[in-house]
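# Working through the structure, step by step
The residues making up each chain are set out below.
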Amino acid sequence: MKVFHMLPPMSMNMEKLFSNGNLASEAYLRSKGRDVDIYQGESFDIAVFAEQIRRSRPDILYMTCLWRNMHYCFVLAELVKKIDKNIYIIVGGPGDLSS
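All of these numbers come straight from a predicted model, not from anything done at the bench.

Criteria and cut-off values
- Residues numbered from 1 in each chain as written.
- Predicted model: local features only at pLDDT ≥ 70, side-chain atom pairs only at ≥ 80, totals over all residues.
- Heavy atoms only, no water.
- Core = buried A, V, L, I, M, F, W, Y, C linked by side-chain atoms within 4.5 Å.
- Buried < 20%, exposed > 50% of the residue type's maximum accessible area, 1.4 Å probe, protein only.
- Helix = DSSP H or I, 4+ residues; strand = E, 2+ residues; numbered from the N terminus.
- Contact = heavy atoms within 4.5 Å.
- Axes fitted to C-alpha atoms, helices over the stretch in contact; angles between N-to-C directions.
- Parallel < 35°, antiparallel > 145°, perpendicular 65-115°, else oblique.
- Left-handed = near helix turned anticlockwise from the far one by under 90°.
- Nonpolar A, V, L, I, M, F, W, Y, C, P; charged D, E, K, R; others polar.

## Regarding the nonpolar core
- Met-6, Phe-49, Ile-53, Leu-61 and Met-63 are the most contacted members of the largest nonpolar core, which has 15 residues in total.
- If you tally residues by element for this core, the top one is helix H3 (residues 70–83), at five residues.
- With near-sequence residues (within four places) excluded, Leu-61 lies in contact with Phe-4, Met-6, Phe-49, Ile-53, Val-80, Ile-87, Tyr-88, Ile-89 and Ile-90.

Okay, here's the thing in structure tokens:
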């Protein structure tokens, strides 16, 4: 099972972010034998992201959702489903998804 992880940007012009929590999650998944890819890019580029999803062919995409990037989580989830409708998408974090 291949997992693709990213912390979506707060805006489409924002530099990439990594947090200790995200890195710890990735290390844990790897310790359990999971293949994990991480979004790579100096700044967020939706075309680069789409190409990485196509190349990676993950079974699961998980995104860290904060209230400031919630809109982009949904935009990127829609894009991923257009690329491959069979990719499971997990969105979690301190963002409030109930509104």
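## Thoughts on the packing of helix H2 (residues 46–56) against H3
- The contact between H2 and H3 brings their axes to 10 Å, and the two run at 45°. Taken as axis vectors, H2 and H3 run oblique relative to one another. Along this stretch, H2 crosses H3, giving a crossing that reads as right-handed. Packed against H2, whose contacting residues are Ile-46, Phe-49, Ala-50, Ile-53 and Arg-54, the element H3 presents Leu-76, Leu-79, Val-80 and Ile-83 at the interface.
- Per-class residue counts for the contact of H2 with H3 are eight nonpolar, no polar and one charged.

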